[in-house]
Amino acid sequence: MIYRDFEDGDMLTDMIWLMEHYKDDYFNEEDKCALIYDCMNELFQMAGRMGFYGNLWHCYLTNLLVNHENPYSLACEIRGEVEGTINRAVLHDFTILKEFYDFDFTEMVELLKVDGFDMILDYQGNEESKVYNRRIRDRICSLAVRFNEASTPQEMKDRMTEFYGEYGVGKFGLHKAFRIERTGEGVEIKPIQNIAHVHLDDLVGYEIPKKKLIDNTLAFVEGKKANNCLLFGDAGTGKSSSIKAIANEYYTKGLRIIEVYKHQFQDLNDVIAQIKNRHYKFIIYMDDLSFEEFEIEYKYLKAVIEGGLEKKPQNVLIYATSNRRHLIRENYSDKEEIREDMHTSDTVQEKLSLVSRFGVTIYFGAPDKKQFQQIVRTLAERNHISMPEEELLLEANKWELAHGGLSGRTAQQFVDYLLGR
């Protein structure tokens, strides 16, 4: 009733057909044997792609369930158990699903003389998943085991509901970061498989800017009022790293991040339409945001942030980083007494109006010499670099003179250089 039309559900259809017809003499035995080998091949391919292990048939079924967005799973995501008639419909479905988990393949593989099916039921492997991070992959495999151990459909349903409440459902539940792509079918939000494992403690110094960012983000994920954020300042000071760290820090509280590039601003309304009714909190992240005079994409952004007829959803914020305070290039000609533009103040206000729509602006300045040396000391200590402090700082000073000046990025590059020697 609820769980149907699975994405990647063709193999489920084939396996159910085999369960029903493997004894039926009407169908050719070689065709049935070939079909089960096709299914085994798909399960092995799945194990290699997703890093699953244990009972691959159960892992496959579990993966279908954790990705199936339906009225029940969407209601349960992040919030947990819900009340209402839909629970009866879901319990009906889990009564059927339990039959798939409990099915004994012994007679089928013996009758069809299938060799090696035992590998499907106890697959040993430790491949890295190309789809999920290790934590989610392991959680799906363990959920498959818990489903198999459940004695009743109700117990299976309860364990599924628990998963939805803890992780959510579908791509937004199982991934923390996304990018957008325009396809023939429109704008698609696609998961980013490997986001940098940056944490706020990894960013040395900048305690005041980090606290401003944390306070705003924490209010957002807790359902309080929060503002769009602009992180601006010198290059290499940790603006982008701070936002990546925020995504890692609050993922378990339902925070998700979607990276959008400047040329994609015209697709923002389509992106927001796809996420506005979900129970997650979404940060739309724009890195290195700035505009030349001839670029007009900022007009799309202004309308999305504040100014369009449709109210921006409460579960969406814009976070941007920039080396420029005012985002749009300004010229001295904008303020000269003689110019082509008749209404000069309007021109200036047009250029300043974008940054004013970010309620919180946070400055990340380049460190001075003393702060730079402290960053180098801290990073060297964390990476267990054994070098006399005087020599370490002398080499760091030489490095920064030749590699971009004083910044956290330069310090990290210097430490990476030492680690690679």
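Conventions we followed
Residues numbered from 1 in each chain as written. Predicted model: local features only at pLDDT ≥ 70, side-chain atom pairs only at ≥ 80, totals over all residues. Heavy atoms only, no water. Core = buried A, V, L, I, M, F, W, Y, C linked by side-chain atoms within 4.5 Å. Buried < 20%, exposed > 50% of the residue type's maximum accessible area, 1.4 Å probe, protein only. Contact = heavy atoms within 4.5 Å. 1 Å grid on protein atoms, 1.4 Å probe; cavity = no way out; pocket = protein on both sides within 12 Å on 5 of 7 lines; lining within 4 Å. Points joined across faces, edges and corners; volume = space filled by probe spheres on them. Helix = DSSP H or I, 4+ residues; strand = E, 2+ residues; numbered from the N terminus. Nonpolar A, V, L, I, M, F, W, Y, C, P; charged D, E, K, R; others polar. Expected span 1.5 Å × (residues − 1). Phe/Tyr/Trp six-rings, centres within 6.5 Å; stacked < 30°, edge-to-face > 60°. Lys NZ or Arg CZ within 6 Å of the ring centre and 35° of its normal.

A. Fine view of the nonpolar core. Formed by 62 residues in total, the largest nonpolar core has its most connected members in Tyr3 and Met160. The residues contacting Tyr3, other than those within four sequence positions of it, are Leu65, His68, Asn70, Tyr72, Val90, Asp93, Phe94, Met160 and Tyr164.

B. Broad picture of the layout of surface pockets. Its volume calculated, the largest pocket comes out at about 690 Å³. In terms of lining residues, the largest pocket is bounded by 25 residues, among which Glu7, Asp8, Asn67, Gly170 and Lys171 are the most central. Elements that contribute at least two residues to the lining of the largest pocket include exactly α2 (29-50), α3 (56-67), α10 (170-174) and β2 (186-191). Partitioned by chemical class, the residues of the lining of the largest pocket number nine nonpolar, seven polar and nine charged. A volume near 520 Å³ is recorded for the second largest pocket. Lining the second largest pocket are 25 residues, with Gly236, Thr237, Gly238, Ser241 and Arg409 sitting closest to its centre. Contributing elements (two or more residues each) for the lining of the second largest pocket: α12 (239-249), β6 (316-322), α16 (369-382) and α18 (408-420). Ranked by the residues each element gives to the lining of the second largest pocket, the list is headed by α18, at five residues. Of the residues contributing to the lining of the second largest pocket, the split by class is seven nonpolar, eleven polar and seven charged.

C. Molecular detail of helix α9 (residues 153-167). Taking 1.5 Å per residue, 15 residues should reach 21 Å; α9 reaches 21 Å between its end C-alpha atoms and fits that length. When α9 is considered as a whole, its buried residues turn out to be Met156, Lys157, Arg159, Met160, Thr161, Phe163, Tyr164 and Tyr167. Those residues of α9 that are buried lie in contact with α3, α4 (71-76), α5 (86-102), α8 (134-149), α10 and β4 (255-259). Just beyond α9, the residue with positive phi is Gly168, at close to 90 degrees.

D. Spatial organisation of the packing of aromatic side chains. What the rule picks out here adds up to 20 aromatic pairs. Both rings, one in Phe52 and one in Tyr132, keep their centres 6.4 Å apart while their planes meet at 25 degrees; by these two values the pair is stacked. Highlighted residues: Phe52 in the loop between α2 and α3 and Tyr132 in the loop between α7 (117-121) and α8, separated in sequence by 80 residues. One exposure class covers both Phe52 and Tyr132, and it is buried. Among the aromatic residues, ring-to-ring pairing joins Trp57, Tyr60, Phe103, Phe105 and Phe117 into one connected group. The positively charged end of Lys176 is found above the aromatic ring belonging to Tyr251, 5.3 Å away from the centroid. Sitting over the face of the ring of Phe220, Lys281 holds its NZ or CZ atom 5.7 Å from the ring centroid.

Read these as geometric descriptors, not functional statements.
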